[in-house]
Amino acid sequence: MSAKPPASNRPNPATRAVQALGRIEPRTGAVAPPIDLSATYARDDAYLPRQDYIYGRDGGDTVRHAQDVIASLDGAAVTQLYASGMAAIVTLMETLRPGDQVVAPKVMYHGTLSWLRHLEATRGIALSLFDPAEPDSLAQAVSDKTTLIWIETPVNPTWEVIDIAAAAALARSAGARLAVDCTTAPPCTQDALGLGADIAFHSATKYMGGHSDLVAGVLSFAQDDDLARTVGGLRTLMGNILGGFEAWLLIRGLRTLYLRYERASTNALAIAYALEGGRCQVLYPGLPSHPGHSIAAAQMTGGFGGMLSLVLPSFDEAAATVSRLALFAPATSLGGVESLVEHRKVIEGSGSPVPDGLLRLSVGIETAEDLIADLTNALP
Ligand code: PLP
């Protein structure tokens, strides 16, 4: 594979994604990238590695190609691919030391919160939680021990919006790093690094892959610094890298990211408008009535995404609604082409702060009219 010389007018991000950076395989001219599944790499005649390719656990050519595409979209100095979103999170958090404090929202992806609670219980890493619905709560949660502020925006599954630029300013003044979980708002809509974050994290299992057929994670770093290098080294030692085949599927998914996200956003907004004011509360940052709408409009420039939640009066009414839906598959995960519904309380358990009657919808790219009819038919 060879990169073309940089064009004087750099194409827009959506074009770079569609063309997977425009790399044409030089031998055959294949426009679909070849796939490198090699677990090891032969050295040259001088017994030197060729272009640093040594062993599959450091990453092969397809992994590097996918990393290059995402780095280009995220505006990152370094992008690393992982075997899952959680593998990326766990590897980054291996750099925390006893006595460090992590600040995070009290409602967020439950796997990240569980891991932070595990680190607090077993490694002496303090956890300070803030309320993403309260604008001053983040600043109050930060202390002189804070080394990492981890935010997720919009917040899964209640979809409060956190101001990334304000969080970045706070992190800078505290001497901490800001990491943003951009899983539901990937670079086609939200430029976390451009807004001042140090690290953009993505579960690429979701919108980046986009077809519910791969599990992958991404860390994009604003700087190629000690932290990025240490985390990259840990990825190799912990064996957390993505496989070549999944990296190839990810490149294919990224080619339609902008198109899919735009369509999912249009569908979700149409659903939100159709259901607002009815028997359930609609949580969606795209609605002008949403408390975080103006921040979302400023920092989600490519659409508000396909994630929205409906809050029904009770657990039982939510469960009955799921059973009546025909087009929304009752499955966990999000960001795929097909629509999914999830009764979050069932997944998160009784200790979770998520309302009993909350149904999380991952709106896909089907026809909006069909999805609205399915929901209208299923709701009490
Ligand atoms: N962050 C968010 C917002 C998620 O929704 C998920 C998975 O659902 C993760 C992180 C973890 O990613 P993965 O399932 O790829 O390990």
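Cut-offs and rules
- Residues numbered from 1 in each chain as written.
- Predicted model: local features only at pLDDT ≥ 70, side-chain atom pairs only at ≥ 80, totals over all residues.
- Heavy atoms only, no water.
- Axes fitted to C-alpha atoms, helices over the stretch in contact; angles between N-to-C directions.
- Helix = DSSP H or I, 4+ residues; strand = E, 2+ residues; numbered from the N terminus.
- Parallel < 35°, antiparallel > 145°, perpendicular 65-115°, else oblique.
- Left-handed = near helix turned anticlockwise from the far one by under 90°.
- Contact = heavy atoms within 4.5 Å.
- Nonpolar A, V, L, I, M, F, W, Y, C, P; charged D, E, K, R; others polar.
- 1 Å grid on protein atoms, 1.4 Å probe; cavity = no way out; pocket = protein on both sides within 12 Å on 5 of 7 lines; lining within 4 Å.
- Points joined across faces, edges and corners; volume = space filled by probe spheres on them.
- Pairing = 2+ DSSP bridges.
- Disulfide = S-S within 2.5 Å.
- Buried < 20%, exposed > 50% of the residue type's maximum accessible area, 1.4 Å probe, protein only.
- Phe/Tyr/Trp six-rings, centres within 6.5 Å; stacked < 30°, edge-to-face > 60°.
- Lys NZ or Arg CZ within 6 Å of the ring centre and 35° of its normal.
- Core = buried A, V, L, I, M, F, W, Y, C linked by side-chain atoms within 4.5 Å.

Quick look at the packing of helix H3 (residues 85–93) against helix H4 (residues 110–123)
Piece 1. One way to put it is that H3 packs onto H4 with a least axis distance of 11 Å and a crossing angle of 30 degrees. Relative to H4, the element H3 is oriented roughly parallel. Considering the relative orientation of H3 and H4, their crossing is right-handed. Across the interface between the two elements, Met-86, Ile-89, Val-90 and Met-93 from H3 touch Gly-111, Thr-112, Trp-115, Leu-116 and Leu-119 from H4.
Piece 2. Here the residues of the contact of H3 with H4 are counted per class, giving 7 nonpolar, 2 polar and no charged.

Looking at the layout of surface pockets
Piece 1. The space that makes up the largest pocket amounts to roughly 600 Å³.
Piece 2. Contributing to the lining of the largest pocket are 30 residues, with Pro-132, Ala-133, Glu-160, Val-161 and Gly-292 lying nearest its centre.
Piece 3. Residue assignment for the lining of the largest pocket shows that the elements contributing at least two residues are helix H5 (137–141), helix H6 (164–174) and strand E8 (281–283).
Piece 4. In the lining of the largest pocket, the residues fall into 19 nonpolar, 6 polar and 5 charged.

Regarding the environment of Leu-129
Piece 1. Structurally, Leu-129 is set in strand E3 (residues 126–130).
Piece 2. Sequence separation of Leu-129 and Asp-316 is 187 residues, and the distance between their C-alpha atoms is 30 Å.
Piece 3. Once residues within four sequence positions are removed from consideration, Leu-129 is found in contact with Ala-104, Pro-105, Lys-106, Leu-113, Arg-117 and Ala-141.

Section: the sheet that holds strand E9 (residues 307–311)
Piece 1. Spatially, E8-E9-E12-E11-E10 is the arrangement adopted by the 5 strands of the open sheet, whose pairing is mixed. Only two strands of the sheet have a single partner each, and these edge strands are E8 and strand E10 (329–330).
Piece 2. Against the sheet, helix H11 (residues 315–324) makes contact with E10, strand E11 (340–343) and strand E12 (358–362), and its axis sits at roughly 155 degrees relative to E11, the strand it touches most.

Some points on empty space enclosed by the protein
Piece 1. A complete count under the given rule lists 2 cavities of 30 Å³ or more for this structure.
Piece 2. One number sums up the size of the largest cavity: a volume of about 40 Å³.
Piece 3. What lines the largest cavity is simply Arg-177, Asp-198, Phe-221, Ala-222, Gln-223 and Asp-225.
Piece 4. Across the lining of the largest cavity, the residue classes break down as 2 nonpolar, 1 polar and 3 charged.
Piece 5. Of the voids in this model, the second largest cavity is the one considered here, and its volume is about 40 Å³.
Piece 6. Lining the second largest cavity are Pro-154, Trp-159, Thr-184, Tyr-261, Pro-285, Met-300, Phe-304, Gly-305, Gly-306 and Met-307.
Piece 7. Residues belonging to the lining of the second largest cavity are distributed by class as follows: 7 nonpolar, 3 polar and no charged.

A short note on the state of the cysteines
Piece 1. Taken as a whole and judged by the stated rule, the model has 0 disulfides.
Piece 2. Here Cys-182 stays unpaired: no disulfide links it, and the sulfur of Cys-188, its closest cysteine neighbor, is 10 Å away.
Piece 3. By relative accessible area, which is 1% here, Cys-182 ends up buried.

Observations concerning the packing of aromatic side chains
Piece 1. Tallied over the full model, the rule gives 4 aromatic pairs.
Piece 2. Ring geometry for Trp-150 versus Phe-201: centroids 5.6 Å apart, planes at 45 degrees, classification tilted. Of this pair, Trp-150 sits in strand E4 (residues 146–152) while Phe-201 sits in strand E6 (residues 199–203), and the two are 51 residues apart along the sequence.
Piece 3. Overall, Phe-201 belongs to the buried group, its relative accessible area being 2%.
Piece 4. In this arrangement the basic side chain of Arg-64 is found over the ring face of Tyr-53, its NZ or CZ atom lying 3.7 Å from the centre.
Piece 5. Over the ring of Tyr-82 we find Arg-235, and its NZ or CZ is 5.7 Å from the ring centre.

Let's talk about unusual backbone geometry
Piece 1. Omega for the peptide link from Thr-153 to Pro-154 comes to -10 degrees, which places this bond in the cis form.
Piece 2. Tracing the backbone shows Pro-154 in the loop between E4 and H6.
Piece 3. Here Asn-156 and Pro-157 are connected by a cis peptide whose omega angle stands at 5 degrees.
Piece 4. Note that Pro-157 resides in the loop between E4 and H6.
Piece 5. With a phi angle near 60 degrees, Tyr-47 is a residue other than glycine that sits in the positive phi range.
Piece 6. With respect to the element layout, Tyr-47 can be found in the loop between helix H1 (13–18) and helix H2 (61–74).
Piece 7. Backbone geometry places Ser-333, a non-glycine residue, at a positive phi of 85 degrees.
Piece 8. Structurally, Ser-333 can be placed in the loop between E10 and E11.

Looking at the nonpolar core
Piece 1. Counting residues in hydrophobic clusters, the biggest one holds 60 residues, and the most contacted among them are Leu-250, Leu-308 and Leu-310.
Piece 2. Examining the composition of this core, we find that 7 residues originate from one element, helix H9 (residues 257–275), more than from any other.
Piece 3. Discounting chain neighbours no more than four positions away, the residues touching Leu-250 are Ile-70, Leu-81, Ala-204, Met-208, Gly-209, Leu-214 and Leu-242.
Piece 4. In terms of nonpolar packing, the next biggest core, distinct from the first, is built from 26 residues, Ala-88, Ile-89, Leu-96 and Leu-116 among them.

Description of the sheet that holds strand E2 (residues 101–105)
Piece 1. With mixed pairing, 7 strands are arranged side by side in an open sheet as E1-E7-E6-E5-E4-E2-E3. This sheet does not close on itself; its edge strands, each paired only once, are strand E1 (78–82) and E3. Sheet twist, expressed as the mean angle between neighbouring strand axes with direction ignored, is 20 degrees.
Piece 2. Two elements, E4 and strand E5 (residues 177–181), share 5 bridges in a ladder whose sense is parallel. The partner of Ile-151 across the bridge, within E5, is Val-180.
Piece 3. H3 contacts E1, E4, E6 and strand E7 (217–221) of the sheet and is inclined by roughly 45 degrees relative to E7.
Piece 4. In the packing of helix H7 (residues 226–238) onto the sheet, contacts are made with E1, E5, E6 and E7, and the angle to E1 comes to roughly 20 degrees.

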